Number of protein chains: 2
Amino acid sequence: MSSFAPTEQRLAVTCRRQPAFPREPAVLVRLVKHLHKRVHDAANATLKPWGISHPEYNILMMLYGTEGYALNPSQLAEAAGEKSANITRLADSLCDKGLIERTASDEDRRKVSLSLSRAGLAMIDEFMPSVCALLERQTAGMKPAETAQLERLLKKFLNQLEQD
Amino acid sequence: MSSFAPTEQRLAVTCRRQPAFPREPAVLVRLVKHLHKRVHDAANATLKPWGISHPEYNILMMLYGTEGYALNPSQLAEAAGEKSANITRLADSLCDKGLIERTASDEDRRKVSLSLSRAGLAMIDEFMPSVCALLERQTAGMKPAETAQLERLLKKFLNQLEQD
DNA sequence: TCCATATATTTCATATATGAAATACAAACA
DNA sequence: TGTTTGTATTTCATATATGAAATATATGGA
């Protein structure tokens, strides 16, 4: 039995008490919250041996996924879904650990460039097997057609949320 | 263009650099993160006029969705997806605002009962129109068959995440 | 050039969340 | 009864995240 069942039961009660309450969006929103928590906790547990958190991992991987391995704090904030103030703190922490480097931009000196260091690249290579294994496990029960369909629908949902 | 496009582009680069990196679970995980952020921010903005946060709203609604309008902190932690230490803090805050009441259980005095107060119920009735409108907007672009399909697939995904 | 306005980033105060230890009571049983 | 073990909740130190103000630089006219 899924941990979500009691939540669903409570939604049913709520719908009975508030006839205008729309069940479908509410159930989707609560599923997203539960999923996020699971994903976040599992990622933190997997990354613990390397001494980095899930948000720090996201920063590293955004840089890794960029030609040149470098981004500005503002691009990083957008990509990683963090506020810029938070990027400063995460970047500080990753700099302290020697995983990224902070350099001033020449063309526009308001800008800062955050780039993966040699050590950062090496760490990614190190934790990659564990991360891949985690990701594989997380969709192990689903058929490729299902994950593809889920991706399509989540994108549609996200687009809708971005309308506001 | 969705804010997700650059993230997707970075995943493509990552897959090229790490052939073992499984794109599909990774894209799903990142979509969940983006969705969660949007949902959380939109809820906070909608609830601001009532002086409560999204996590506080969740606590109130979990109680509202329960016969008798009362739960223990541990049940609430499970239902709302918060750690018990966090429930204490949120409950303190809601008590201070007079929206819930904390009473000791008679049968088992290790337990505490958190119940909606009259004022809490009244506040729910007040913000309900705004919350319903928000929820409606959030799925406005999707057909009922699509949201139903999305719900089904998200539950399957969540079940899989709970296997570990 | 000088000024006004805009953008990028950081700082700081505060809010929010977590793990681990502490507390309080319950239940089982010698 | 007294002791042990287990469960529910809270406390506390610390980690994490946010908004708003501060800082620094850029850009586009007057």
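Residues numbered from 1 in each chain as written. Chains lettered and ligands numbered in written order. Predicted model: local features only at pLDDT ≥ 70, side-chain atom pairs only at ≥ 80, totals over all residues. Heavy atoms only, no water.

Caption draft 1: Quick look at the sheet that holds strand β2 (residues 100-104) of chain B. All names here are of chain B. Read across the open sheet, the three strands follow the order β1-β3-β2; overall the sheet is antiparallel. Single-partner strands in this sheet number two, and they are β1 (70-71) and β2. Looking at chain direction, β1 and strand β3 (residues 112-116) are connected through two bridges and run antiparallel. Among the inter-strand pairings, L71 is bridged to a residue of β3, identified as L114. (Pairing = 2+ DSSP bridges. Helix = DSSP H or I, 4+ residues; strand = E, 2+ residues; numbered from the N terminus.)

Caption draft 2: Just the relation of the copies chain B and chain A, in detail. If you rotate chain B by 180° and push it 0.0 Å along the axis, it lands on chain A with an RMSD of 0.1 Å. Such a turn and shift between the copies fits a two-fold axis. Mapped onto chain A, 100% of the interface residues of chain B again fall at the interface, so both copies present the same surface. (Least-squares fit on C-alpha atoms with pLDDT ≥ 70 in both. Contact = heavy atoms within 4.5 Å.)

Caption draft 3: A look at the nonpolar core. Ranked by internal contacts, the top residues of the largest apolar core, which has 94 residues, are F21 and F127 of chain A together with F21 and F127 of chain B. Not counting the four nearest positions on each side in its chain, F127 of chain A is found in contact with L47, W50, I52, Y57, L60 and M61 of chain A. (Core = buried A, V, L, I, M, F, W, Y, C linked by side-chain atoms within 4.5 Å. Buried < 20%, exposed > 50% of the residue type's maximum accessible area, 1.4 Å probe, protein only.)

Caption draft 4: Structural detail: the side chain of Q138 of chain A. Locating Q138 of chain A in the fold gives a position in helix α6 (residues 118-138). Judged by relative accessible area, which is 2%, Q138 of chain A ranks as buried.

Caption draft 5: View of the protein's contact with DNA strand C. Neighbouring residues of DNA strand C: 19 residues in total, closest P73, S74 and R102 of chain A together with R89 and R110 of chain B. Restricting attention to atoms of DNA strand C within 4 Å of the protein, one finds that 77% of them are sugar or phosphate atoms. A distance of 3.3 Å separates a phosphate oxygen of DNA strand C from a polar atom in the side chain of N86 of chain B. Here a phosphate oxygen of DNA strand C sits 3.2 Å away from a polar atom, N or O, in the main chain of R109 of chain B. Of all the elements in the fold, those that place two or more residues in the surface near DNA strand C are α4 (73-80) and α5 (84-96) of chain A together with α5 (84-96) of chain B. In terms of residue class, the surface near DNA strand C is made up of five nonpolar, five polar and nine charged. (Near = heavy atom within 4 Å. Polar contact = N/O pair within 3.5 Å; in protein donor to acceptor, adjacent residues only side chain to side chain. Nonpolar A, V, L, I, M, F, W, Y, C, P; charged D, E, K, R; others polar.)

Caption draft 6: A look at the sheet that holds strand β2 (residues 100-104) of chain A. All names here are of chain A. Strand order in the open sheet made by the three strands is β1-β3-β2, with antiparallel pairing throughout. Edge positions in the open sheet fall to β1 (70-71) and β2, since each of these has one partner strand only. Here β2 pairs with strand β3 (residues 112-116) via five bridges, running antiparallel. Looking across to β3, one finds that T103 is bridged to S113. The sheet contacts of α5 involve β2 and β3, and relative to β2 the element is tilted by about 115°. (Axes fitted to C-alpha atoms, helices over the stretch in contact; angles between N-to-C directions.)

Caption draft 7: Quick peek at helix α7 (residues 144-161) of chain A. Taking 1.5 Å per residue, 18 residues should reach 26 Å; α7 of chain A reaches 26 Å between its end C-alpha atoms and fits that length. Next to the buried residues of α7 of chain A lie α2 (23-47) of chain A together with α1 (5-17), α2 (23-47), α6 (118-138) and α7 (144-163) of chain B. (Expected span 1.5 Å × (residues − 1).)

Caption draft 8: Structural detail: the interface of chain B and chain A. Contacts between the two partners involve 79 residues from chain B, matched on the other side by 79 residues from chain A. The contact between chain B and chain A buries some 7900 Å² in all, and 62% of this surface belongs to carbon and sulfur atoms. Interface area lost by chain B to chain A is led by R10, R17 and L35 of chain B, which between them contribute 9%. Where chain B meets chain A, there are 17 salt bridges. With a shortest N-O distance of 3.3 Å, E67 of chain B and R16 of chain A are connected by a salt bridge. Where chain B packs against chain A, one counts 27 residue pairs in polar contact (both at pLDDT 80 or more). Take the side of chain B that touches chain A: its biggest share by element is 18 residues, from α2 of chain B. Broken down by class, the residue content of the side of chain B that touches chain A amounts to 35 nonpolar, 19 polar and 25 charged. (Buried area = accessible area lost by both parts, 1.4 Å probe. Salt bridge = Lys/Arg side-chain N within 4 Å of Asp/Glu carboxyl O.)

Caption draft 9: How the structure looks around the pattern of salt bridges. On inspection of all chains with the given rule, the structure shows 31 salt bridges over all chains. The residue K97 of chain A makes a salt bridge to E56 of chain A at a minimum N-O spacing of 3.0 Å. With K97 of chain A in the loop between α5 and β2 and E56 of chain A in helix α3 (residues 54-64), the pair connects residues that are 41 residues apart, well separated along the chain. In this structure, the salt-bridge partner of E146 of chain A is K156 of chain B, at a minimum N-O distance of 3.0 Å. With E146 of chain A in helix α7 and K156 of chain B in helix α7, this residue pair bridges two chains. On the accessibility criterion, E146 of chain A (9% relative accessible area) is buried. Look at the salt bridges and you will find they share partners, linking E8, R23 and E24 of chain A together with E151 and K155 of chain B into a network.

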